[in-house]
Amino acid sequence: MENKWKVKVYVQHGYFEYEVSSVEKAMAHGEAIMSNQVYRHVTPDNEVEFLKVYKVKVSGPGLETEYPDKFCRT
């Protein structure tokens, strides 16, 4: 069974998700989307929508960290 990584792109009204075949691709997609803060989505009518991005999540195997962090509200 081949490993898959999922990219979730959060926009104002929900999120879009898709799978990629490597952790490197998943991280590159997430970084590119967040650096532009725009997600391009092709509608069923074959129109391209450009949507403002609020956050991106990547999930899949091998994403553990040596440096766990903690969020603190200010």
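Residues numbered from 1 in each chain as written. Predicted model: local features only at pLDDT ≥ 70, side-chain atom pairs only at ≥ 80, totals over all residues. Heavy atoms only, no water.

Where do I start with helix α1 (residues 23–36) in this structure?
For an α-helix, the turn length of 3.6 residues means that residues three or four places apart are oriented alike. With 14 residues, α1 should reach 20 Å at 1.5 Å per residue; the first-to-last C-alpha distance of 20 Å fits that figure. Contact partners of the buried residues in α1: β1 (5–11), β2 (14–20), β3 (38–42) and β5 (55–59). Immediately beyond the C-terminal end of α1, within one or two residues, lies Q37, with a positive phi of roughly 55°. (Helix = DSSP H or I, 4+ residues; strand = E, 2+ residues; numbered from the N terminus. Expected span 1.5 Å × (residues − 1). Contact = heavy atoms within 4.5 Å.)

Just checking my understanding: could you explain the nonpolar core for this structure?
It is characteristic of soluble globular proteins that their nonpolar side chains tend to be buried jointly. Counting 12 residues, the largest nonpolar core is built from W5, V7, V9, V11, F16, V20, A26, I33, Y39, L51, V53 and V56. Looking at this core, the elements with two or more residues in it are β1, β2 and α1. For this core, the element with the highest residue contribution is β1, accounting for 4 residues. Beyond its immediate sequence surroundings of up to four residues, A26 is in contact with W5, V7, V20 and V58. (Core = buried A, V, L, I, M, F, W, Y, C linked by side-chain atoms within 4.5 Å. Buried < 20%, exposed > 50% of the residue type's maximum accessible area, 1.4 Å probe, protein only.)

Got a minute to help me understand the pairing of strand β4 (residues 48–52) in this structure?
Along any regular strand, the residues point their side chains to alternate faces of the sheet. Where β3 and β4 come together, 5 bridges link them in antiparallel fashion. Its bridge partner being in β4, V38 is matched across the sheet by K52. Connecting β3 to the next strand, β4, in antiparallel fashion are 5 residues, including N46 with a positive phi near 60°. (Pairing = 2+ DSSP bridges.)

The quantities given are spatial measurements derived from coordinates; they are silent on function.
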